[in-house]
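These are the residues of each chain, in order.
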Amino acid sequence: MKVTTLCLSLLIASTSLPAAAEVSNRDIPPDALWYINIDMESLRTSKPGQVILDWVDDEVVDDMEKEFDFDAGEDLDRLFFHGNAEGSFSARILGTLSDATRAHMLSEMLKNTDATLKNDGWGEYYVIDDAGDEIEFDNGDMSLDTDTIYVSLATGDGLFIASSAERLEAEIRGIRGGNANVLVLDGRRPFLQIGVNADELDESQQFDFDSDLLRQTSQVALMIGSVGDSLDFHTRITATDPEVTDSMANIVRGLISLRMLSNEVPEAVGSIIDKLNVDSDSGGMSIRLQVTPDEVRALSDL
């Protein structure tokens, strides 16, 4: 179904890359297990962000734009997704979409579906039944149940999608109910913010980790932004035991040292590895990296 295609395409774009609509814990519901926030406007208006946006347009978004008849790089301002351990989710896709584009998107999403138009007082929305359809991540261990999806374009500034009418209303009205228990990293100008509360993953949602260290990870967060003309990457990992993140940091440092002993690592990759900054403390492990647009282009040419 077309709404599933749109959601999946935007999720792939957001998880494949690096998003000022910065997200904080106050913006994420307390029951959230994961979130993804992308500021497309910041990507468009900064030199390092433009490099990322070009890659997204070439590799990910072209097919979606052809199907739904809009320019993601120009028309979208912000993409914000979050979900909980039960598989419930919400998506906020904001932008300067024309009435014609919005009408076309809605028409495509409703095509060949069993949809009902409703109005609960806070706005009109469609209930779209799509029995048996699932969005599955590549490894098949995690999925979003999309048997029924709730969609609204009534606000005039974008598209809202959720797994229930209650979550749709909360997303449109900005109802949160408290701070989320997920790690959020900020920056001077964040393009992308992603976080996962690994502690709350049940056995059916956990990835197949053979490492005891990775299984003891409690929080993972990623932020990609800009500092001057460089891309700024920041990853933070926390664990139930401080010794676990200290061991992780030592492993990463060891891999960096091994690169210096190898002549087989491409120069473009080696220059990036040399810039990695790894630090650990009682709260967790951080990996920082700043790279120029030219260094990113060199990697894409490999």
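What you see is a predicted model, and the numbers here were worked out from it, not measured in a lab.

Q: What should I look at first to understand the confidence of the model for the protein in this one?
A: It should be kept in mind that the predicted coordinates are not to be read in detail where pLDDT is low. Looking at the protein, pLDDT values average 75 and 74% of them are 70 or higher. In this model residues 204–210 is a low-confidence stretch, pLDDT under 50, and it forms 16 contacts with partners more than four residues away in sequence or in other chains.

Q: What should I look at first to understand the pairing of strand β5 (residues 124–129) in this one?
A: Regular strands have side chains that alternate between both faces of the sheet. Bridge count between strand β4 (residues 114–119) and β5: six bridges; the pairing is antiparallel. Residue T116 lies in a different strand from β5, and its bridge partner there is V127. The antiparallel pairing of β4 with β5 creates a hairpin that spans four residues between the two strands, and G121 there sits at a positive phi of about 100°. Here β5 pairs with strand β8 (residues 148–152) via four bridges, running antiparallel. Across the sheet, Y126 pairs through a bridge with V151, a residue of β8.

Q: Explanation requested: the nonpolar core in the structure shown.
A: Nonpolar side chains in soluble globular proteins generally cluster together in the buried interior. In terms of nonpolar packing, the biggest core is built from 33 residues, with V151, L159 and I161 touching the most fellow members. Judged by nonpolar contacts, the second largest core, of 11 residues, contains A32, Y35, A221 and M223.

Q: Even after reading the chapter, I still don't get the packing of helix α9 (residues 267–274) against helix α10 (residues 293–300), so can you show me in this structure?
A: For any two helices packed against each other, the geometry comes down to the angle between their axes and how far apart the axes lie. In the contact formed by α9 and α10, the axes pass within 9 Å of each other and the chain directions differ by 135°. The angle between α9 and α10 falls in the class oblique. Crossing handedness for the pair α9 and α10: left-handed. On α10, the residues touching A268, V269, S271 and I272 of α9 are E295, A298 and L299. In the contact of α9 with α10, the residues fall into five nonpolar, one polar and one charged.

Q: Can you help me understand the sheet that holds strand β1 (residues 32–39) in this one?
A: Strand pairing within a sheet occurs via backbone hydrogen bonds; the two strands may be parallel or antiparallel. Spatially, β4-β5-β8-β9-β3-β2-β1-β10-β11-β12-β14-β13 is the arrangement adopted by the 12 strands of the open sheet, whose pairing is antiparallel. Every other strand in the sheet has two partners, leaving β4 and β13 (277–281) as the edge strands with one partner each. Along the sheet, successive strands turn relative to each other by an average axial angle of 10°, direction set aside. Along the sheet, helix α6 (residues 165–173) contacts β2 (76–84), β3 (89–95), β5, β8 and β9 (158–162); its crossing angle with β9, the most-contacted strand, is approximately 145°.

Q: Even after reading the chapter, I still don't get the pattern of salt bridges, so can you show me in this structure?
A: Where charged atoms of side chains with opposite charge meet at close range, the side chains can pair. Summed over the entire model, instances satisfying the criterion amount to seven salt bridges. Here D77 and R44 are joined by a salt bridge, their closest N and O atoms 2.8 Å apart. Here the residue D77 occupies a position in strand β2, and R44 occupies one in helix α2 (residues 40–44), the gap between them amounting to 33 residues. Across the salt bridge formed by R92 and E171, the nearest N and O atoms sit 2.6 Å from each other. Separated by 79 residues along the polypeptide, R92 in strand β3 and E171 in helix α6 bring together distant segments of the chain.

Q: Where do I start with the pairing of β3 in this structure?
A: Of all seven residues making up β3, seven are buried, and the element is well covered by its neighbours. Relative to β3, β2 runs antiparallel, the two sharing seven bridges. Considered in β3, the bridge of L76 is made with G95. The pairing of β3 with β9 spans five bridges and is antiparallel. Paired with A91 across the two strands is I161, which belongs to β9.

Q: How should the packing of aromatic side chains be read in this particular structure?
A: Aromatic ring pairs are described here by two measures, namely the spacing of the ring centres and the angle between the planes. This model, assessed by the stated rule, comprises two aromatic pairs. When the centroid spacing of 5.1 Å and the interplanar angle of 5° are considered together, the rings of W122 and Y125 count as stacked. Centre to centre, the rings of Y125 and Y150 are 6.2 Å apart; their planes meet at 45°, and the pair counts as tilted. Here Y150 lies in strand β8 and Y125 lies in strand β5, a separation of 25 residues in the sequence. Each member of the pair, Y125 as well as Y150, carries the same accessibility label: buried. Members of the aromatic cluster, connected to one another through ring pairs, are W122, Y125 and Y150.

Q: Please clarify how α6 should be interpreted in this entry.
A: For an α-helix, 3.6 residues make a turn, and residues three or four places apart therefore share a direction. Within α6 the residues assigned to the buried category are A165, R167, L168, E169, A170 and E171. Against β2, β3, β5, β8 and β9 lie the buried residues of α6.

Q: Can you help me understand the environment of M248 in this one?
A: Locating M248 in the fold gives a position in helix α8 (residues 242–260). Once the C-alpha coordinates of M248 and I237 are considered, the two residues, 11 residues apart in sequence, prove to be 9.2 Å apart.

Q: Would you mind going over a nonpolar patch on the surface with me for this structure?
A: A contiguous nonpolar patch, built from I251, L255, L258, M260 and L261 and spanning about 580 Å² of accessible area, is present on the exposed surface. Assignment of secondary structure puts I251 in helix α8.

Q: Can you help me understand the environment of S163 in this one?
A: Mapped onto the secondary structure, S163 falls in the loop between β9 and α6. Relative accessible area serves as the criterion here: at 18%, S163 is assigned to the buried category. Expressed as a C-alpha distance, the spacing of S163 and I149, which sit 14 residues apart in the sequence, is 5.1 Å. Apart from residues no more than four positions distant in its own chain, S163 is found in contact with S88, F89, T148 and Y150. At 3.0 Å, the side chain of S163 and the backbone nitrogen of F89 are in polar contact.

Rules used throughout
- Residues numbered from 1 in each chain as written.
- Predicted model: local features only at pLDDT ≥ 70, side-chain atom pairs only at ≥ 80, totals over all residues.
- Heavy atoms only, no water.
- pLDDT = per-residue confidence, 0-100.
- Contact = heavy atoms within 4.5 Å.
- Pairing = 2+ DSSP bridges.
- Helix = DSSP H or I, 4+ residues; strand = E, 2+ residues; numbered from the N terminus.
- Core = buried A, V, L, I, M, F, W, Y, C linked by side-chain atoms within 4.5 Å.
- Buried < 20%, exposed > 50% of the residue type's maximum accessible area, 1.4 Å probe, protein only.
- Axes fitted to C-alpha atoms, helices over the stretch in contact; angles between N-to-C directions.
- Parallel < 35°, antiparallel > 145°, perpendicular 65-115°, else oblique.
- Left-handed = near helix turned anticlockwise from the far one by under 90°.
- Nonpolar A, V, L, I, M, F, W, Y, C, P; charged D, E, K, R; others polar.
- Salt bridge = Lys/Arg side-chain N within 4 Å of Asp/Glu carboxyl O.
- Phe/Tyr/Trp six-rings, centres within 6.5 Å; stacked < 30°, edge-to-face > 60°.
- Patch = residues over 30% accessible without salt bridge, like charges linked within 9 Å, V, L, I, M, F, W, Y side chains within 5 Å.
- Areas by Shrake-Rupley, 256 points an atom, 1.4 Å probe, with all protein chains shown as cover.
- Polar contact = N/O pair within 3.5 Å; in protein donor to acceptor, adjacent residues only side chain to side chain.

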